[in-house]
Amino acid sequence: MSATWEEQNGGQEAQKTQSTQPGLGQAKPSPIQFYGGYQVYSESGVDLTLLRENLKKTVTERLVKNRRGLELVKELDKSRLAKIHSDLPRASTAMLQDQKILQQLTDQGVEFVLIGGLAMRAHGSAHVTEDVDVCYSRTKENINRLADAMAPFHPYMRGAPPGLPFRFDAPTIQAGLNFTLNTDLGEVDFLGEMSGIGGYEKVLAQSEERLLYGLKVRVLTIDGLLIAKKTAGRRKDQGHILELEELKKMRDEGAGS
């Protein structure tokens with residue numbers, strides 16, 4: 001028996017609907033074209049022009065650029081808060097002095113690996129970070145060196161109620177593991193272990209030596225950063241992962257250094 005007109009045309013209408021609904025066989029929209037004809041965004045939406053420009057700079061220049069970006073963010077925050085709360089005094093927060101932090105840790109012989117946002121910047125990331133994250137060795141000698149190195153800068157637990165008794169000394173470090181601190185040099189996080197990697201020795205094995213501000217510093221590799229961020233599974237890391245994957249591609253293609 002032959003199909004009715006409705007059956008024949010109903011199938012055609014269904015095919016037409018599928019071809020016009022997003023995600024149902026419709027061709028992907030063409031990427032935005034920019035003057036010059038080169039690729040600006042990756043398929044995942046990462047701005048490749050920023051990464052290319054960062055990779056032309058030295059590692060130190062990348063960190064200096066982060067500091068300038070952070071200064072701008074801080075000023076914008078002050079302006080925004082002043083408009084919302086014009087009757088309140090502005091909070092006094094220490095601007096990040098990453099060079100002095102790294103210099104102090106190095107001068108005191110602290111065994112550490114630079115991780116987190118500054119490690120990303122060292123590899124060419126466009127991400128602006130407001131703290132220094134390091135993974136430190138948990139040996140007794142190194143814990144003593146770490147406590148001595150930070151003592152002059154009044155480390156205090158970030159987010160803790162004012163007046164809460166706290167001393168970032170050797171016994172405290174030995175009793176704890178991971179610390180998020182405010183200091184006179186800005187915000188610093190000291191981690192005894194990292195998600196997906198493990199303790200200091202394993203983090204060290206995933207690091208490479210880089211020259212930062214004239215200092216020889218161990219920096220977590222792109223691969224190590226990807227492992228840690230994918231394991232942590234935090235929402236804020238999703239954009240970082242996409243950017244790191246693009247930097248890894250550039251590195252493998254010989255564009256990075």
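Predicted model, so just to flag it, every value in this text is computed and none were measured. (Residues numbered from 1 in each chain as written. Predicted model: local features only at pLDDT ≥ 70, side-chain atom pairs only at ≥ 80, totals over all residues. Heavy atoms only, no water.)

Q: Would you mind going over the environment of Glu141 with me for this structure?
A: Take Glu141: it is sitting in helix α6 (residues 140-150). Relative accessible area serves as the criterion here: at 48%, Glu141 is assigned to the partly exposed category. Along the sequence, Glu141 and Val110 sit 31 residues apart, while their C-alpha atoms lie 9.0 Å from each other. (Helix = DSSP H or I, 4+ residues; strand = E, 2+ residues; numbered from the N terminus. Buried < 20%, exposed > 50% of the residue type's maximum accessible area, 1.4 Å probe, protein only.)

Q: Looking at this structure, I do not really get the packing of helix α2 (residues 48-55) against helix α10 (residues 237-252). What am I missing?
A: A pair of packed helices is captured by two measures, namely the crossing angle of their axes and the spacing between those axes. Where α2 contacts α10, the two axes come as close as 11 Å, and the packing angle between them is 55°. The orientation of α2 relative to α10 falls into the category oblique. In this structure, α2 meets α10 at a crossing whose hand is right-handed. In contact with Leu48, Leu51, Arg52 and Leu55 of α2, α10 contributes Glu243, Glu246, Leu247 and Met250. By residue class, the composition of the contact of α2 with α10 is five nonpolar, no polar and three charged. (Axes fitted to C-alpha atoms, helices over the stretch in contact; angles between N-to-C directions. Parallel < 35°, antiparallel > 145°, perpendicular 65-115°, else oblique. Left-handed = near helix turned anticlockwise from the far one by under 90°. Contact = heavy atoms within 4.5 Å. Nonpolar A, V, L, I, M, F, W, Y, C, P; charged D, E, K, R; others polar.)

Scope: geometric values only; no functional claims are made or implied.
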